[in-house]
Each structure stands twice: as structure tokens, then as C-alpha cells.
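# Observations on chain architecture
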Amino acid sequence: MENDEQFMRRALELAKRGEGLVEPNPMVGCVLVKNGNIIGEGFHSQFGKAHAEVEALRDVCSRYGEDAAVGATCYVTLEPCSHYGKTPPCTSVLQPSGIKRIVVAMRDPNPVVNGKGLKILCDAGIEITEQVLEKEARLLNAPYLTLLEKHRPWIVAKWAMTLDGRLASRTGNSQWISSEASRKIVHCLRSRMDAIMIGSQTALRDNPDLTVRFDTVALRTPVRIVLDSNAALTSEYRLVQTARQVPVLLVVRSDAPAKQIKMLQNAGCEIFPILSENTELDYRQRTQILMEYLAQRKITNLLVEGGKQLFGTLFDMQIIDEVHVFIASKLIGGESAYPVVGGTGLTEMKQARQLESPEIQIVEQDVYIHGRVHYPL
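Note that the coordinates shown come from a computational prediction; the quantities given were computed from them, not determined experimentally.

So, about the pattern of salt bridges. Under the counting rule described, the total for this entry stands at 22 salt bridges. With its nearest N and O atoms 3.9 Å apart, the salt bridge here joins Glu 5 to Arg 9. With Glu 5 and Arg 9 both in helix α1 (residues 4-16), this residue pair falls four residues apart, about one helical turn. Glu 5 sits in the partly exposed class, given a relative accessible area of 43%. Asp 123 is the salt-bridge partner of Lys 119, the closest N and O atoms lying 2.8 Å from each other. Separated by four residues within a single helix, Lys 119 and Asp 123 lie in helix α4 (residues 116-123), roughly one turn from each other. The pair Lys 119 / Asp 123 is uniform in exposure class, with both members exposed. Shared partners join several salt bridges into a network, and the residues in it are Lys 16, Glu 19, Arg 192 and Glu 322.

Pairing of strand β13 (residues 354-363) with strand β14 (residues 366-374), which is carried by eight bridges, proceeds in the antiparallel orientation. Each residue of the ladder has a partner; that of Ile 362, found in β14, is Val 367. Taken together, β13 and the strand that follows it, β14, pair antiparallel across an intervening segment of two residues, in which Glu 364 is found at a positive phi of about 50 degrees.

Glancing now at the pairing of strand β7 (residues 195-199). Burial analysis of β7 places five of its five residues in the buried class, which makes it a mostly covered element. Note that β7 and strand β8 (residues 223-227) share five bridges and pair parallel. By the bridge assignment for β8, Ile 198 is matched with Val 226. Of the strand pairs in this sheet, β7 and strand β11 (residues 301-304) are connected by three bridges, and their pairing is parallel. Among the inter-strand pairings, Ile 196 is bridged to a residue of β11, identified as Leu 303.

When you line up the elements, Asn 141 lands in the loop between α5 (134-140) and α6 (142-149). Along the backbone, Asn 141 and Thr 77 are 64 residues apart, and their C-alpha atoms lie at a distance of 9.8 Å. Apart from residues lying up to four places away in sequence, Asn 141 is in contact with Pro 26 and Met 27. In terms of polar contacts, Asn 141 uses its side chain to reach the backbone carbonyl oxygen of Met 27, at 2.8 Å.

In a beta sheet, neighbouring strands pair by backbone hydrogen bonds and run either parallel or antiparallel. The five strands are arranged β2-β1-β3-β4-β5 in an open sheet whose pairing can be described as mixed. Here the strands that pair on one side only, and so sit at the sheet edges, are β2 (37-43) and β5 (127-129). Neighbouring strand axes in the sheet, compared pairwise and without regard to direction, differ in orientation by 20 degrees on average. Along the sheet face, α1 touches β1 (29-34), β2, β3 (73-76), β4 (101-104) and β5 and points at about 145 degrees away from the line of β1.

Below, the discussion takes up the environment of Ala 142. Examined against the element boundaries, Ala 142 turns out to sit in helix α6. Residue classification places Ala 142 among the buried residues on the basis of a relative accessible area of 10%. Note: C-alpha distance between Ala 142 and Thr 300 (158 residues apart in sequence) is 9.8 Å. For Ala 142, the residues in contact, after removing those within four places along its chain, are Trp 154 and Arg 372.

What follows concerns helix α2 (residues 52-64). Between its first and last C-alpha, α2 extends 18 Å over 13 residues, near the 18 Å set by a 1.5 Å rise per residue. Along α2, the residues classified as buried are Ala 52, Glu 53, Val 54, Ala 56, Leu 57 and Val 60. Its buried side turned inward, α2 meets β1, β2, β3 and α3 (91-94). In the stretch just after α2, Gly 65 is the one whose phi turns positive, near 110 degrees.

Turning next to the layout of surface pockets. Approximately 750 Å³ is the volume found for the largest pocket. Of all elements in the fold, only α1, α5, α6, α7 (180-190), β12 (322-328), β13 and β14 reach the threshold of two or more residues within the lining of the largest pocket. Broken down by element, the residue count for the lining of the largest pocket peaks at four residues, all from β14. Residue classes in the lining of the largest pocket are distributed as 12 nonpolar, eight polar and 10 charged.

Here we take up the nonpolar core. Core analysis: the largest hydrophobic core is formed by 41 residues, its most contacted members being Met 8, Leu 32, Cys 74, Ile 99 and Ile 102. At six residues, the largest contribution of residues to this core is made by α1. Those residues in contact with Leu 32 that lie beyond four places of it in its chain are Asn 37, Ile 38, Ile 39, Gly 40, Ala 56, Leu 57, Val 60, Thr 73, Cys 74 and Ile 99. Met 197, Ile 225, Leu 227 and Leu 294 belong to the second largest nonpolar core, which has 34 residues in total.

Rules behind the numbers
Residues numbered from 1 in each chain as written. Predicted model: local features only at pLDDT ≥ 70, side-chain atom pairs only at ≥ 80, totals over all residues. Heavy atoms only, no water. Salt bridge = Lys/Arg side-chain N within 4 Å of Asp/Glu carboxyl O. Helix = DSSP H or I, 4+ residues; strand = E, 2+ residues; numbered from the N terminus. Buried < 20%, exposed > 50% of the residue type's maximum accessible area, 1.4 Å probe, protein only. Pairing = 2+ DSSP bridges. Contact = heavy atoms within 4.5 Å. Polar contact = N/O pair within 3.5 Å; in protein donor to acceptor, adjacent residues only side chain to side chain. Axes fitted to C-alpha atoms, helices over the stretch in contact; angles between N-to-C directions. Expected span 1.5 Å × (residues − 1). 1 Å grid on protein atoms, 1.4 Å probe; cavity = no way out; pocket = protein on both sides within 12 Å on 5 of 7 lines; lining within 4 Å. Points joined across faces, edges and corners; volume = space filled by probe spheres on them. Nonpolar A, V, L, I, M, F, W, Y, C, P; charged D, E, K, R; others polar. Core = buried A, V, L, I, M, F, W, Y, C linked by side-chain atoms within 4.5 Å.

Have a look at this one:
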């Protein structure tokens, strides 16, 4: 119908409010419409809490009474669930509500749903309309879909660099390249991530906390991940010192020094050993194994903050999904200063990866560019 897209856009707007709060669940919004007017709205606000459809029905009942949804149309951005999880199935709530029509943006590819919810509702005599703004719904829930379909997290690469493309000076100093305002944006970005990952050289050189600061309200507590093949971190590093307060996962080679691993475990670090040789090919293999492991742990959004080998490997594997880059109006020079992306790279400029509809803004003296990476099919 002519207003289906209008109401679905509103449902998508509502769904977005759950970003950083609902993972590993998808973001879902719901709008109930009767006689051309919105009578109820809801969205999935937090993992483990009521789903969007339930919230929308509660909204209707609180405003207009128990039977107000009879004859209404339900617009929902994702197929209603049909199974018991943290909450009862939404189909069991929608069926007796009196709703006559349900419009969905997309089916839920989760194997426990995937068409089952719509079949239940259709068998109950409710009219079903599908694929209304499906592309927009898939874009909204790209991290959720990546976890389900590619068995890895949605990977967000973030870095701050000088105007001449350096992450740090030749001595390794990088504090601070970007402005304080830019760093506040980074902490807001961190606040909605499931995990933050860096390579061992970045950990050893910068001694970072990788926590959410600047008075930013942390929507989640990201797991801090370090690719520390030789278990080189010691008790002098802040990541180790704070491991009992904020989780730390160290990815090490299985033949790393046992004494060192024991010390790190005693400090509260979690160890994930991977058997491999230290070659470039095996670095990719290790990365693939790690991504599958993180997917099993339901890590949906993974923020990667360096360094060049890690960025290069992820780029060569074509699994960087989104980038957030802060370009400072500073020059430091030096052939041995730290570049941004290592790896093999591409051979021709025409192969360069573009950002899809990038957003560009000025933040104090920095240029902030962010967007999703486009990979040709």
C-alpha cells in the first residue's frame, strides 16, 4: 500500500535506538497503524528485554485500551520471532492481539526463525506483506547479518593519523595526534562495541587502557583483545593491571612461554592459544580462526585500533566493514615513522576500495571521515 514505506521508515528510525544495547540481537522497531494513524510504537531497547512488537502493543494498550490493536496493521523491521529465548516468542503475542495485517522489512535469517514466524502468523489468518524497505533493513542490521551469515564480527577499523599518513613518529610516540574532541568521538564509538582489538606492537608501544572514558556512558563493556603471539605483555602494562576490572583476551601462540601465560592468567587475563607458525600466510589463518571464535562468543561489533600489520591483514582479507579515520592537520615526516596499513595491498589504483556514502566533518583541527567499505561482488 502507498503508506507502507512511510510507516516502515518510522519503524527503522525506532530500531536504530537500540544500537549498542541489543547485540547480539538485531535492532528491531515496530509501528502499529489504524485508520492511517500511528497508535503505538516500540523498539527492542536492550538485550534480554521485551522485543519491539511487545513494546508497541504495550504502548497501544496504555494509551487506548486493551482492544485498541484490533484491526490494526503492524509494521516491523524484522520477522517476528517464533521461539523462546530470553523472552517469549513475539508470534504468541501478535496472534491474539487482533492485528489483521503484518508488514515486515525482511525475514530473520536466524535458523530458529527464518520464515517460521511468518508462517505461524499467516496460518492464523493474518495478512503478510514482505520486503518493504528490505535493503534499508539489511543495512541497519549488517553487523547481526555478518555474524549469522559470515560467522565473524562486523569489523570497524579506527585510526588517527597525521596529514602525511603516520600513526606515530619514528620513536613510536603518538599521543596525541588527534584533538580532544576527536578522542571523545572515539570513546562514544567504543561505548557501543562488544570488543576492541589491537596488535601486540600497539599494546607494547602505547600502553593503552582501551576503556571508555571522557565521561562517556558505556552502553556495553567491550572485551579488550590483544594479538600477543609471544605473550609479551607484563604486569607493568595497564591492560594487565586492569584485567580483573575490564575483561582482557590475549591471543597467543600455543608455544608461547608457559611461565608468562601463567602470570597473565593469574592477573585475570583470558588466554586464547592458536597453534601456528609465524608466517604471513599463517597470520591470516590465525586471524580467520580468531574471527570464527569471536563469532561463537557472539561478538557482534569489533573495533580494531591498530597496528599496521593487523590493519593490513584485515584489508587483504577484505573483512574491514567500516572505517573511522581522524586526519590531523599535522606533519611529522620520517621514512621510519609508522604507516597506517601494511599487508600486501592492491596493485592498481582502480582496485582501491571506496567508502559507501562517506560522511566527512571537521572536528576542531581534524578531518573526520567514516563510512562502510564497498567490496565489488
